[in-house]
Amino acid sequence: MAKSKVMSVEEAISKYCFDGMTVLLPGFVNVGVSEVLIEGLIEAGIKDLSVISNNTSVPHRGIGKLVDANVIKAITCSHIGNNQVTVQKVVDGEINLTFVPQGSLCEKVRAGGAGIGGVLTPTGLYTPMMDGKQVVEWDEAAGKFVFLEGEIVPDASKKRFILELPLHGDVCFVHAYKADKLGNVVYRRTSRNFNEAFATAAEHVIVEAEQIVEVGELDPDEIMTPHFVVDAVVQGRTLTEA
């Protein structure tokens, strides 16, 4: 019988988390956010975090608690407008912000999980989202992509793409509806959002489950994240949104 991965929040945090780590925090606003693990991270005094997430929840909840605790040094996300505290800290220079369009963010994380060197997307062309990134153009005559250099003048007749590089983290916090003691995961409704993709792109994955069941109780067809990417399972609490 495989060994149970169930442990306390304190044990999981002390075993896999550390100052200065890059942490993947899936969730949409506050749906699918691992609130119990985030609270445990704050209680453990872990700081200088680089966060990869869709947003920073709302003030004083979920990821917003990390903002309040002043433990985020940098964040890569697609939106911060739901949390005015985050906005102010970015304006004041307390948090280093990198914006990525939401679809591109998902693909960058998915690439990190799949071991892909990057993805090509037209999203963000001729906008600040293109700054500092490599742009390629499809050369029909040569039958290949070529990298563009210097000033890039908008031209709708050209097939151009931004090269978005993969994102990968040290740890990912996953919120699950159910997980068995081995770490097989089932998500519920919209709380699935970014959790499934983000769980593939970290060295260690800690699952916060509303319900922890025995191995064999989950139908194999309903498992969405398999146990072999999961390092620990902790008891979570029921989401108020889904």
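Residues numbered from 1 in each chain as written. Predicted model: local features only at pLDDT ≥ 70, side-chain atom pairs only at ≥ 80, totals over all residues. Heavy atoms only, no water.

(A) Representation of the overall build of the protein chain within the structure. A tally of helices and strands in the protein chain yields six helices and 12 strands. In summary, the protein chain has a C-alpha radius of gyration of 19 Å against a globular reference of 18 Å for 242 residues, a match within 12%. In terms of overall dimensions, the protein chain has C-alpha extents of about 60 × 45 × 30 Å along its principal axes. For the protein chain, the residues scored as buried account for 47% of the 242 residues in total. Counting only carbon and sulfur atoms, one obtains 52% of the accessible surface of the protein chain, whose full area is about 11,500 Å². Looking at the protein chain, you have 21 positive and 32 negative side-chain charges, and the mean spots of the two groups are 1 Å apart. (Helix = DSSP H or I, 4+ residues; strand = E, 2+ residues; numbered from the N terminus. Rg over C-alpha atoms; globule rule 2.2 N^0.38 Å. Buried < 20%, exposed > 50% of the residue type's maximum accessible area, 1.4 Å probe, protein only. Areas by Shrake-Rupley, 256 points an atom, 1.4 Å probe, with all protein chains shown as cover. Lys, Arg positive; Asp, Glu negative; His and termini not counted. Charge placed at Lys NZ, Arg CZ, Asp CG, Glu CD.)

(B) View of the nonpolar core. By size, the foremost hydrophobic cluster in this structure holds 31 residues, and its most contacted members are Ile13, Cys17, Leu41, Leu49, Leu66, Phe173 and Ile206. Elements supplying a minimum of two residues to this core: α1 (9-16), β1 (22-25), α2 (35-43), β2 (49-53), α3 (63-68), β3 (72-77), β9 (169-180) and β12 (232-235). Leave out the neighbours within four places in its chain, and Leu49 touches Met21, Leu41, Leu66, Val71, Ile72, Lys73 and Ala74. Of all hydrophobic cores here, the second largest spans 24 residues; its members include Leu167, Val185, Tyr187 and Ala197. (Core = buried A, V, L, I, M, F, W, Y, C linked by side-chain atoms within 4.5 Å. Contact = heavy atoms within 4.5 Å.)

(C) Region of interest: the pairing of strand β4 (residues 96-99). In the sheet, β3 pairs with β4 via four bridges, with the strands oriented parallel. Pairing of Ala74 across the sheet is with Asn96, part of β4. (Pairing = 2+ DSSP bridges.)

(D) Just the pattern of salt bridges, in detail. Evaluated as defined, the whole model comprises 11 salt bridges. As a salt-bridge pair, Glu35 and Arg61 come within 2.7 Å of each other at their nearest N and O atoms. Highlighted residues: Glu35 in helix α2 and Arg61 in the loop between β2 and α3, separated in sequence by 26 residues. Look at Glu35 and you get buried, because its relative accessible area is 9%. The class of Arg61 is partly exposed, set by a relative accessible area of 28%. The closest approach of N and O atoms between Glu196 and Arg192, which form a salt bridge, is 2.8 Å. One network of salt bridges, in which partners are shared, links Glu39, Lys65 and Arg237. (Salt bridge = Lys/Arg side-chain N within 4 Å of Asp/Glu carboxyl O.)

(E) Local environment of the packing of aromatic side chains. Inspection of the entire model under this criterion finds three aromatic pairs. Members of the aromatic cluster, each reached through a chain of ring pairs, are Trp138, Phe145 and Phe161. Directly above the ring of Tyr177 sits Arg188, whose terminal nitrogen or CZ lies 5.7 Å from the centroid. (Phe/Tyr/Trp six-rings, centres within 6.5 Å; stacked < 30°, edge-to-face > 60°. Lys NZ or Arg CZ within 6 Å of the ring centre and 35° of its normal.)

(F) Summary view of the state of the cysteines. Inspection of every chain in the model, using the stated rule, returns zero disulfides. A disulfide-free cysteine, Cys17 has its sulfur positioned 11 Å from the sulfur of Cys172, the nearest such atom. In this structure Cys17 comes out as buried when scored by relative accessible area, which is 8%. With no disulfide partner, Cys106 has as its closest neighbouring cysteine sulfur the one in Cys172, 12 Å distant. (Disulfide = S-S within 2.5 Å.)

(G) Region of interest: the sheet that holds strand β5 (residues 119-121). Pairing is antiparallel in the open sheet, where four strands are placed in the order β5-β8-β6-β7. Across the chains shown, the open sheet's two edge strands, defined by having one partner strand only, are β5 and β7 (144-147). Averaged over all neighbouring strand pairs, the angle between strand axes comes to 40 degrees, with direction disregarded. Relative to β7, strand β6 (residues 135-139) runs antiparallel, the two sharing four bridges. By the bridge assignment for β7, Glu137 is matched with Val146. (Axes fitted to C-alpha atoms, helices over the stretch in contact; angles between N-to-C directions.)

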